[in-house]
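# Fold and geometry: a report
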Amino acid sequence: MVSFVLSHRQRLAAIATGSAGNLIEWFDFYIYAFTALYFAASFFPEGDRTAQLLNVAGIYAVGFLIRPVGGWYFGRFADRHGRRAALVASVLMMGAGSLLIAGLPTYESIGAWAPALLLLARLIQGFSTGGQFGAAATYLSEVSADARRGFYASFLYVTLIAGQLCALLTLVALQQVLEDAELRAWGWRIPFAIGAVMAFAVLLMRNHLHETTDAKATKSPDAGSLLALLRHPKALFIVMSLTAGGGLCLYTFTTYMQKFLVNTAGMDIKTTSNVMLAAMLGFMLLQPAMGALSDRIGRRKCLLLFAGLMTLSAVPLLTALSNVQDPGVAFLLVLAALAILSLYTSISGLFKAELFPQHIRALGVGFAHSISIAIFGGSAEYIALLCKRAGHEQVYFWYVAAICGVAFVTALFMREPRRVSMMD
């Protein structure tokens with residue numbers, strides 16, 4: 001089996017390379033959310049800032065809707081042809097979407113074609129992302145040492161968060177060297193161009209990716225089969241329910257939080273960027289610790305702690321953040337939310353991979369995760385902004401708490417998913 005063939009050094013190199021591809025993928029994906037405040041008027045010139053952000057968030061949400069298709073396609077591909085090929089292909093597709101956005105003409109130049117092409121680019125990126133999560137989660141769970149699987153697999157979210165962090169750091173750096181008018185006119189294109197170059201650089205690293213799928217699994221007639229996957233309805237429900245709570249919180253307290261602090265709390269854009277930069281750094285550093293904790297107490301207990309604590313604290317945290325004025329207090333509140341969330345994110349890909357047999361593992365993780373993320377994660381910003389425009393922003397706070405409550409009940413009745421070996 002592959003798990004026993006790789007040396008410790010080879011395993012670490014494989015984890016590092018697989019994680020690097022994941023970082024590039026998510027840098028490209030999140031840079032859209034972080035630069036939206038600057039490019040919204042270039043594609044949707046009419047209306048106030050909330051209306052412009054709603055239009056941009058709508059395209060952001062549509063990009064999520066195609067993720068289940070990408071999850072199905074790349075999951076099936078990874079189960080039939082190997083994780084390595086699926087990982088490389090998904091990152092390259094993400095880079096193509098970023099390259100398209102970097103060069104898009106504005107509404108002033110080509111009219112309605114501008115938002116239409118922006119939508120096309122996000123559909124390409126959404127398709128890519130749908131496949132990346134399942135392939136990367138499966139790969140890292142299979143290539144990791146069994147006894148410390150939680151610790152090593154946590155690097156899926158270390159690099160996912162690092163992708164967000166690098167995207168935010170890039171924006172902060174641009175804010176220091178460019179004027180606000182320059183960022184709105186053309187500076188927002190620079191991060192997309194950087195992301196495209198990084199994505200194509202993954203070709204140079206692909207030789208360090210050691211294939212974890214054995215021939216018996218790929219040659220099975222059920223490999224990557226949707227019908228075979230549907231024979232595991234309980235596992236599918238667990239993944240979708242817990243992803244709903246975790247995904248909704250992730251997008252609420254990361255990508256949407258920057259807009260929330262500006263648009264609701266009234267904080268300065270640059271100050272908000274610095275607050276989120278510091279909070280995301282803390283969030284990233286928490287992942288290995290929480291992954292190691294899951295190796296000691298089990299995945300189920302970590303999921304129960306996440307869902308229970310977030311159900312109780314979502315409304316108080318978001319209410320406090322809506323009125324915050326001090327950047328230090330904002331940082332502590334966001335970090336508190338992210339600390340609770342890390343109980344889920346550190347093992348998000350792992351516990352899902354542990355629920356499925358090898359021949360449908362990438363499909364099970366990628367497809368089920370993408371469906372739930374498309375519904376709950378992709379709509380988070382749009383629902384939050386609609387509630388704000390309707391004058392009932394508190395409704396969104398209770399919505400987050402309710403979805404986490406459902407996730408808690410799911411974790412309460414699930415069995416511990418941890419496996420002795422991922423290669424059986």
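Everything numeric in this text was worked out from a predicted model, so none of it was measured. (Residues numbered from 1 in each chain as written. Predicted model: local features only at pLDDT ≥ 70, side-chain atom pairs only at ≥ 80, totals over all residues. Heavy atoms only, no water.)

## Observations regarding the overall build of the protein chain
- Looking only at helices and strands, the protein chain has 22 helices and zero strands in total.
- In terms of overall dimensions, the protein chain is globule-like: its C-alpha atoms have a radius of gyration of 20 Å, near the 22 Å expected for 424 residues.
- A principal-axis box enclosing the C-alpha atoms of the protein chain has dimensions of 55 × 45 × 40 Å.
- The buried share of the protein chain, taken over its 424 residues, is 61%.
- Restricting the contact set of the protein chain to residue pairs at least 6 apart, pairs at least 24 apart contribute 86%.
- The averaged location of the 22 negative side-chain charges in the protein chain is 10 Å from the averaged location of its 31 positive side-chain charges. (Helix = DSSP H or I, 4+ residues; strand = E, 2+ residues; numbered from the N terminus. Rg over C-alpha atoms; globule rule 2.2 N^0.38 Å. Buried < 20%, exposed > 50% of the residue type's maximum accessible area, 1.4 Å probe, protein only. Contact = heavy atoms within 4.5 Å. Lys, Arg positive; Asp, Glu negative; His and termini not counted. Charge placed at Lys NZ, Arg CZ, Asp CG, Glu CD.)

## Thoughts on empty space enclosed by the protein
- Going through the model one piece at a time under the given rule, you end up with two cavities of 30 Å³ or more.
- If you add up the space inside the second largest cavity, you get close to 30 Å³.
- Contributions of two or more residues to the lining of the second largest cavity are made by helix 2 (8-43), helix 9 (155-177), helix 14 (233-253) and helix 20 (361-377). (1 Å grid on protein atoms, 1.4 Å probe; cavity = no way out; pocket = protein on both sides within 12 Å on 5 of 7 lines; lining within 4 Å. Points joined across faces, edges and corners; volume = space filled by probe spheres on them.)

## A look at helix 9
- Look at helix 9: 32 Å from first C-alpha to last across 23 residues, which is about the 33 Å you get at 1.5 Å a residue.
- For helix 9, the tally of buried residues reaches 17 of 23 residues, placing the bulk of the element in the interior. (Expected span 1.5 Å × (residues − 1).)

## Overview of the environment of Trp 398
- Counting through the fold element by element, Trp 398 comes out in helix 22 (residues 394-413).
- Classification of Trp 398 as exposed rests on a relative accessible area of 54%.
- Sequence separation between Trp 398 and Thr 311 is 87 residues; the distance between their C-alpha atoms is 9.0 Å.

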